[in-house]
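Chain by chain, the residues run as shown.
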Amino acid sequence: MSREIINIQAGQAGNQVGESFWRMLLAEHGLDESGLYVGNDPLQTERTGVYFTQVDSHGPTKYVPRSVQIDLESGVCDHIRAGPLGGLFRPDTYFTGDSGAGNNWAKGYYTEGAELIDSVLDIVRRQSESCEALQGFQIIHSLGGGTGAGLGFSPAIQIARGKLLEYPDRMLQTFSILPSPNVSETVVEPYNALLSIHQLVDNCDLTICIDNEALYEIAVRTLKIKTPAFSDLNQIISRVMCGVSTSLRFPGQLNGDLRKLGMNLIPFPRLHFLMPSYAPFYDPKASAFQKMSVPELTNLLFDRRSLLVACDPRLGRYLTAACIFRGKVSSIDAETSIAQLQRKNSSLFVEWIPDNVSVSLCSVPPVGQTQAAVALANSTSMQELFMRNLNQFSVMFKRRAFLHWYTGEGMDLMEFSEAESNTRDLVAEYQQYQEAVVDEEIEEMVDGEEEAQ
């Protein structure tokens, strides 16, 4: 029995990344663009139920994605409908508005989004009713825009609030595209991103952070693409997304799933922001010369150049990490190479969580590769991202620039102040755990127990 995941893609970025993700899933499961099986390996269809619903009514079996496509303007969804994947998705899983959010978080979350959210939740409910053992939801969205950040969060928050009633004990995972330090698409990104982070802190179980700057670096320096288009960047994100769900979709020696990931990666509920990395990235022309050993793969995973987010892990410490190896990798090789890496870089891992790197193995490699690996790391260096956003936010907020667009949609200035203080608290928590030492903690615990007695 498959443990199903429902995919929700919101806004322009979410839908474009989502389209790339579904293309990669189709290739891995041996399906063509209309959802019919054309492969020759029984492993490919054994667990397609994780992301696909099987439809047998007319002729050959068709695999339909369990996905919801949302946008406040119809352009991107129309592009998907008219494109090669147009016949793949169920027609009633598209939901579009007319006016667009215009990069305004308040429009996506309050005015336009609030009117549409019930209809979106109905589509999600219909998708979940056909599941036998729903494991959770994944949301793909950008934090800098209006629809992805505002409307993309509404289902997340409604699902989080309805978890006790409709979706008890279900995981909520987001792939969130953050504003880049130098590459900016919109002027009001700092506002939208900080308001989104404020919601993410309290309403999600796992947030996998991605940013365009790091993707550009990988595309230009490693993949040797001179002028990368968004389609090239989306392919990089798709590799990580497919890697995270690998052990759900294919059998392996050491399996993992969303709940195991959350259990092993999130030591404190608010610190659920993860840095993804992928290895190996290489120039397609050099593929004939690539042969990776497991220790090399492991070292690449923890190399800054393999990260999909622009922060430096050497400036923080790893609280936890999860490595997912794909292809013919023996468990002893994987465990040994990770133990060696931790020994060599012991200062980068907190000592008060022993054995803080978990390992999953899957025997099915990505299409076109013999071996690959994905890592999700929970590192205190994530505070660099939040501080960068905070600094940009404070400079604009001090002068009250652009705020009339948000207050005009019914937002209160207090929400901005709350978002700022919540993010500052988050940064302080990261710093606290970065500096924490084993002995101090033990002494505090002993003192606390004595006081209690």
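Here's what I pulled together on the structure shown here. Just so it is clear, the structure is predicted and the values come from calculations on it, not from any experiment. (Residues numbered from 1 in each chain as written. Predicted model: local features only at pLDDT ≥ 70, side-chain atom pairs only at ≥ 80, totals over all residues. Heavy atoms only, no water.)

Once that is clear, we can look at the overall build of the protein. Across its full length, the protein carries 17 helices and 12 strands. For the protein, with 453 residues in total, the buried portion stands at 57%. A separation of at least 24 residues holds for 82% of the contacts in the protein among residues at least 6 apart in sequence. For the protein, the exposed surface amounts to about 19200 Å²; the carbon and sulfur share of it is 52%. (Helix = DSSP H or I, 4+ residues; strand = E, 2+ residues; numbered from the N terminus. Buried < 20%, exposed > 50% of the residue type's maximum accessible area, 1.4 Å probe, protein only. Contact = heavy atoms within 4.5 Å. Areas by Shrake-Rupley, 256 points an atom, 1.4 Å probe, with all protein chains shown as cover.)

This next bit is on the pattern of salt bridges. Tallied over the entire structure, the rule returns 17 salt bridges. Here Asp78 makes a salt bridge to Arg81, at a shortest N to O gap of 2.8 Å. Of the two residues, Asp78 and Arg81 are both situated in helix α3 (residues 75-82); the distance of three residues between them amounts to about one turn of the helix. According to the relative accessible area criterion, Asp78 is partly exposed, its value standing at 35%. A relative accessible area of 37% means that Arg81 is categorised as partly exposed. With a closest N to O distance of 3.9 Å, Asp202 and Arg270 form a salt bridge. Of this pair, Asp202 sits in helix α7 (residues 189-203) while Arg270 sits in the loop between α11 (258-265) and β9 (273-279), and the two are 68 residues apart along the sequence. A network of salt bridges, in which partner residues are shared, links Glu19, Arg23 and Glu33. (Salt bridge = Lys/Arg side-chain N within 4 Å of Asp/Glu carboxyl O.)

A grouping of Val187, Phe402 and Trp405 is seen on the molecular surface, where their side chains present a nonpolar patch of about 330 Å² in accessible area. With respect to the secondary-structure elements, Phe402 resides in the loop between α14 (383-398) and α15 (403-407). (Patch = residues over 30% accessible without salt bridge, like charges linked within 9 Å, V, L, I, M, F, W, Y side chains within 5 Å.)

Our next topic: α3. Within an α-helix, residues lying three or four positions from one another point in the same direction, as the helix has 3.6 residues per turn. Within α3, the full set of buried residues consists of Val76, Cys77 and Ile80. Down the axis of α3, the smallest arc covering the buried residues is 100 degrees, so these residues share one side. α3 presents His79 and Ala82 as exposed residues on the side facing more than 90 degrees away from its buried surface. As for α3, its buried residues are in contact with β1 (4-10), α1 (11-28), β4 (67-71) and β5 (94-96). (Arc of directions from axis to C-beta.)

Quick look at the side chain of Thr320 now. With respect to the secondary-structure elements, Thr320 resides in strand β10 (residues 318-327). Within the local environment of Thr320, its side chain forms a polar contact with the backbone oxygen of Leu265, the two atoms lying 2.7 Å apart. (Polar contact = N/O pair within 3.5 Å; in protein donor to acceptor, adjacent residues only side chain to side chain.)

This brings us to the packing of α1 against helix α9 (residues 230-244). At a minimum axis distance of 8 Å, the contact between α1 and α9 shows a crossing angle of 55 degrees. The pairing of α1 with α9 is recorded here as oblique in orientation. Every pair of crossing elements has a handedness; the one defined by α1 and α9 is right-handed. Contacts from Gln16, Val17, Ser20, Phe21, Met24, Leu25 and Glu28 in α1 reach Asn234, Gln235, Ile237, Ser238, Arg239, Met241 and Cys242 in α9. (Axes fitted to C-alpha atoms, helices over the stretch in contact; angles between N-to-C directions. Parallel < 35°, antiparallel > 145°, perpendicular 65-115°, else oblique. Left-handed = near helix turned anticlockwise from the far one by under 90°.)

Fair warning: the whole summary comes from geometry, so function is off the table for now.
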